Amino acid sequence: MKLSPRRRRKVFRVAGYVVFGLAILAVVGAADWARLSEAFFRLDIAGEMFPEAITVALRNTITYTLLAFVFGLTLGLILALMRLSSILPYRWFATAYIELFRGLPSLLVLFMVGYGVPLAFPDREIPGGVYGSVTVGLGLTAAAYMAETIRAGIQAVPKGQLEAARTLGMSHPRAMVSIILPQAFRIVIPPLTNEIILLTKDTSLVYVLGVTATTIELTKFAGDALNTRVNPTPLVVAGLLYLVITLPLSQLVRGLERRAGRER
Amino acid sequence: MSTIEISGLHKSFGALEVLRGIDLEVEPGEVVCVIGPSGSGKSTLLRCVNLLEEPTAGSIRVAGVEVTDPDCDIDAVRRGIGMVFQQFNLFGHLTVRENVTIAQRRVLKRGRAEAERIATGNLTRVGLLDKAAAYPAQLSGGQQQRAAIARSLAMDPQLMLFDEPTSALDPELVGEVLAVMRGLAAEGMTMLVVTHEMAFAREVANRVVFMDGGVIVEQGPPADVFGRPREERTREFLHRVLEPASVSETEIGVRKDGSA
């Protein structure tokens, strides 16, 4: 029997739902639920991780993220301005920096800052101990990404804004500070928030610097608990705590993007 | 001393020569309207006056200061020259009132109270005091352009440049902007206006300048330029602009015998 186009679309649609439902059922049926919950959802083990999971590990994760973000944002802004400078060597330097640090793994940079620099300059040290090394180690890479984001934001501000500002007698730096940058930052808030999310996850690399009980962050904290309890539940706890940070942030990005979309 | 003295002005963008020898003077209190087809160099001429475009050759003096002199403090000269753009260019992150105060505060270093007072006066002047707290995106095009005029006026300019101020507006919003400009002209403001509003030019201008191909083809009182243009190019332009519905097919190269 030949189906009408409308009937055929309907049949395909229903078939799509049925396939999905069957796939879910197959997975659920095949899983060994007792063993899964024994491995990943042991409430007693999860309970023992608190309050340190929050008061130390989560707090350090957030601290590392914010430190690296502020460092990266500052350096990124400087690089973005250099990238747009009329002075050629500034442009070269910024371009080389951005290409270099976007091309290197964060872990390698972290090693370099944490071990390479102390070996090269044994008589000097990065202030702030692990916090300082993390700030620089993660911030250097973040700066490269943020510089490109900020540059794009500056270039997205219509040219007429600068012309209007200059016409009113503002110098170029004054126009940048009062007129261009405030508008550029509004444009780049969503991508910069994404950068915070990426940085949050990159703080899991910090363990390579050798953290102590007070400087430990979520992933290392969970890894240690995994070793002592020989049970992966701590990993699930850490994962959920990461989501506590990242999910609201991605929600925020979506909200900001929607608002920016309306204003256009 | 003339407010603007332009002599031998040339401007090229790469190989394209947009201005090919312009001589023009604007006297204090004079309203000069520049008309002409697209690409004739009108806007470029205007943008050279406050050095938004760097002239390739020639000299420009504004109120006796040679802006083309490399040692000229261009920021200081620009403070005295208001400019109104086709696209308004209001600062999107600031309210209307802040748009009008920011340059007063940052450039003229006026105190907050004084800047606010002058802003209030100029927003009243353009009929926008009730929109002072609004952001540009919340305003109509006509309101935005009036706010942009108030922003320029707050700097106490001795000269106002208008670069097609009504070309981006919906037709029903053109009138409110022209009304403000007419008022300014009546108050004795020196104005150089690039416009396609022939009725405005005819009524308000002391002098009309017709440009084509990067040169001034003809200039004079509006009654002469519009009433009895001397040059054929002027006549053709005015015919096309003033009577667009009567442009015949033969004028634009359509052949009546049916061949292409």
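Residues numbered from 1 in each chain as written. Chains lettered and ligands numbered in written order. Predicted model: local features only at pLDDT ≥ 70, side-chain atom pairs only at ≥ 80, totals over all residues. Heavy atoms only, no water.

J.: Let's hear about the overall build of chain B: which residues, and what values?
T.: Within chain B, the secondary structure is distributed over nine helices and 10 strands. The C-alpha atoms of chain B give a radius of gyration of 20 Å, which matches the 18 Å a tight globule of 260 residues would have. Considered along the principal axes of its C-alpha atoms, chain B spans approximately 70 × 45 × 35 Å. Per-residue burial over chain B gives 52% buried out of 260 residues. Relative to all contacts within chain B whose residues are 6 or more apart in sequence, the contacts with residues 24 or more apart total 65%. For chain B, the exposed surface amounts to about 11300 Å²; the carbon and sulfur share of it is 48%. Positive and negative side-chain charges of chain B, numbering 28 and 36 respectively, have mean locations separated by a distance of 5 Å. (Helix = DSSP H or I, 4+ residues; strand = E, 2+ residues; numbered from the N terminus. Rg over C-alpha atoms; globule rule 2.2 N^0.38 Å. Buried < 20%, exposed > 50% of the residue type's maximum accessible area, 1.4 Å probe, protein only. Contact = heavy atoms within 4.5 Å. Areas by Shrake-Rupley, 256 points an atom, 1.4 Å probe, with all protein chains shown as cover. Lys, Arg positive; Asp, Glu negative; His and termini not counted. Charge placed at Lys NZ, Arg CZ, Asp CG, Glu CD.)

J.: I'd like a rundown of the UniProt feature "transmembrane region" (unreviewed entry) in chain A, residues and numbers included.
T.: Residue and element names in this part refer to chain A. Within the UniProt annotation, "transmembrane region" (unreviewed entry) is assigned to residues 62–82, 94–117 and 235–256. Strand forms 0% of residues 94–117 and helix 92%; the C-alpha atoms that close the span are 22 Å apart. The distance separating the terminal C-alpha atoms of residues 235–256 is 31 Å; by composition the span is 100% helix and 0% strand. (UniProt positions renumbered as here; feature names shortened; annotations may be inferred.)

J.: Let's hear about the interface of chain A and chain B: which residues, and what values?
T.: Contacts between the two partners involve 17 residues from chain A and, on the opposite side, 22 residues from chain B. When the area that chain A buries against chain B is broken down by residue, the three leading residues are E163, T167 and L168 of chain A, summing to 36%. Our count for the contact surface shared by chain A and chain B stands at two salt bridges. A salt bridge links D75 of chain B to R166 of chain A; its shortest N-O distance comes to 3.2 Å. Across the chain A-chain B interface, the total number found is six residue pairs in polar contact (both at pLDDT 80 or more). Those elements that provide at least two residues to the side of chain A that touches chain B are α8 (159–167) and α9 (172–202) of chain A. Element by element, the count of residues in the side of chain A that touches chain B is highest for α8 of chain A, at seven residues. Tallied by class, residues from the side of chain A that touches chain B come to six nonpolar, seven polar and four charged. (Buried area = accessible area lost by both parts, 1.4 Å probe. Salt bridge = Lys/Arg side-chain N within 4 Å of Asp/Glu carboxyl O. Polar contact = N/O pair within 3.5 Å; in protein donor to acceptor, adjacent residues only side chain to side chain. Nonpolar A, V, L, I, M, F, W, Y, C, P; charged D, E, K, R; others polar.)

J.: Please set out the pattern of salt bridges residue by residue, giving values where relevant.
T.: Applying the stated criterion across every chain yields a total of 22 salt bridges over all chains. Connected through salt bridges with shared partners, the residues K159 and E163 of chain A together with R47 and E53 of chain B form a single ionic network.

J.: Could you give an account of the UniProt feature "domain: ABC transmembrane type-1" (unreviewed entry) in chain A, naming the residues involved and the relevant values?
T.: The UniProt entry lists residues 58–253 of chain A under the feature "domain: ABC transmembrane type-1" (unreviewed entry), expressed in the numbering used here. End C-alpha to end C-alpha, residues 58–253 of chain A measures 22 Å, and it is 81% helix and 0% strand.

J.: How would you summarise the sheet that holds strand β2 (residues 16–26) of chain B if you had to cite specific residues and measurements?
T.: Residue and element names in this part refer to chain B. Pairing within the open sheet is antiparallel, and its four strands lie in the order β2-β1-β4-β5. Unpaired on one side and paired on the other, β2 and β5 (65–66) mark the two borders of the sheet. Sheet topology places strand β4 (residues 57–62) next to β5; two bridges connect them, and they run antiparallel. What sits directly across from V62, in β5, is V65. Relative to the sheet, helix α1 (residues 42–49) contacts β1 (4–13), β2 and β4, its axis offset from that of β1 by approximately 120°. (Pairing = 2+ DSSP bridges. Axes fitted to C-alpha atoms, helices over the stretch in contact; angles between N-to-C directions.)

J.: Give me the lowdown on empty space enclosed by the protein, citing residues and values where you can.
T.: Within the structure shown, the criterion is met by one cavity of 30 Å³ or more. The space that makes up the largest cavity amounts to roughly 30 Å³. As for the largest cavity, its lining consists of T167 and L168 of chain A together with R78, R79, I81, G82, S152, M155 and P157 of chain B. Among the elements of the structure, α2 (74–79) and β6 (81–84) of chain B are those that each provide at least two residues to the lining of the largest cavity. Its residues assigned to classes, the lining of the largest cavity comprises four nonpolar, three polar and two charged. (1 Å grid on protein atoms, 1.4 Å probe; cavity = no way out; pocket = protein on both sides within 12 Å on 5 of 7 lines; lining within 4 Å. Points joined across faces, edges and corners; volume = space filled by probe spheres on them.)

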